[in-house]
Amino acid sequence: QVQLVESGGGLVQAGGSLRLSCAASGRTFGAMGWFRQAPGKEREFAAAIRWSTTYYADSVKGRFTISKDYAKSTVYLQMNSLKPEDTAVYYCAAAAVSRPNYRDLEGYDYWGQGTQVTVSS
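Residues numbered from 1 in each chain as written. Predicted model: local features only at pLDDT ≥ 70, side-chain atom pairs only at ≥ 80, totals over all residues. Heavy atoms only, no water.

In terms of regular secondary structure, the protein chain is built from 0 helices and 11 strands. Shown N-terminal to C-terminal, the secondary structure of the protein chain runs as helices and strands in the order β-β-β-β-β-β-β-β-β-β-β. For 121 residues, the compact-globule estimate of 2.2 N^0.38 gives 14 Å, and the protein chain sits close to it at 13 Å. Classification of the 121 residues of the protein chain by burial places 45% in the buried group. Contacts in the protein chain between residues far apart in sequence, at least 24 positions, make up 60% of those at least 6 positions apart. Roughly 6,200 Å² of accessible area belongs to the protein chain as shown, and the carbon and sulfur atoms make up 48% of that amount. Between the averaged position of the 13 positive side-chain charges in the protein chain and that of its 10 negative side-chain charges there is a distance of 5 Å. (Helix = DSSP H or I, 4+ residues; strand = E, 2+ residues; numbered from the N terminus. Rg over C-alpha atoms; globule rule 2.2 N^0.38 Å. Buried < 20%, exposed > 50% of the residue type's maximum accessible area, 1.4 Å probe, protein only. Contact = heavy atoms within 4.5 Å. Areas by Shrake-Rupley, 256 points an atom, 1.4 Å probe, with all protein chains shown as cover. Lys, Arg positive; Asp, Glu negative; His and termini not counted. Charge placed at Lys NZ, Arg CZ, Asp CG, Glu CD.)

So, in structure tokens, the structure goes:
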């Protein structure tokens, strides 16, 4: 049974940092990503890692870093220089096989339960 368990969300002031973790189990994955959903908005792509290559949304590029610890089967999202507009529920996603549409929700087969990130101004 596949499980993705996120942790690390919380409340932080603007300019601060947080690190999200996603512990994956049940199988191996071709790609993993982070998406986020702000109140009243659609879920959007934030970052992904396919093999060793990383990808970012323009809105987080230069501030967020996605990485993977293969030994721990855990993916991280280091978030620096946080802004109030980064406030959202952050979801971990995983694909059994890496697909070209890794920036889309349809590019993933499994989802975590989400973790809240709130950035105060």
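The alternating pattern of strand 1 (residues 3-7) places L4 and E6 on a buried face and Q3, V5 and S7 on a face that is not buried. Across 5 bridges, the pairing between strand 1 and strand 3 (residues 18-25) is antiparallel. When the bridges of strand 3 are listed, L4 appears paired with A24. (Pairing = 2+ DSSP bridges.)

Bringing the sheet that holds strand 3 into the picture now. Reading across the sheet, the 4 strands line up as 1-3-8-7 and stay open at both edges, with antiparallel pairing between neighbours. What marks the edges here is a single partner per strand, and that holds for strand 1 and strand 7 (64-69). For this sheet, the mean angle separating the axes of adjacent strands, direction not counted, is 15°. (Axes fitted to C-alpha atoms, helices over the stretch in contact; angles between N-to-C directions.)

With that out of the way, let us pick up the nonpolar core. Core analysis: the largest hydrophobic core is formed by 37 residues, its most contacted members being L4, M32, W34, I66, L77, M79 and Y90. Of all elements in the fold, only strand 3, strand 4 (31-37), strand 5 (44-50), strand 6 (53-56), strand 7, strand 8 (74-79), strand 9 (88-95) and strand 11 (115-120) reach the threshold of two or more residues within this core. Take this core: its biggest share by element is 6 residues, from strand 9. Residues within four places of M32 in sequence aside, it is in contact with L4, C22, A24, A48, I49, I66, K68, V75, C92, A93, A94 and Y108. (Core = buried A, V, L, I, M, F, W, Y, C linked by side-chain atoms within 4.5 Å.)

Before going further, it helps to examine the pairing of strand 5. Extensive coverage of strand 5 is indicated by the burial of 6 of its 7 residues. Alignment of strand 4 against strand 5, held across 6 bridges, turns out to be antiparallel. By the bridge assignment, R36 is partnered in strand 5 with E44. Between strand 4 and strand 5, which pair antiparallel and follow one another directly, the connecting turn spans 6 residues, one of which, G40, has a positive phi of 75°. In terms of strand pairing, strand 5 meets strand 6 through 4 bridges, oriented antiparallel.

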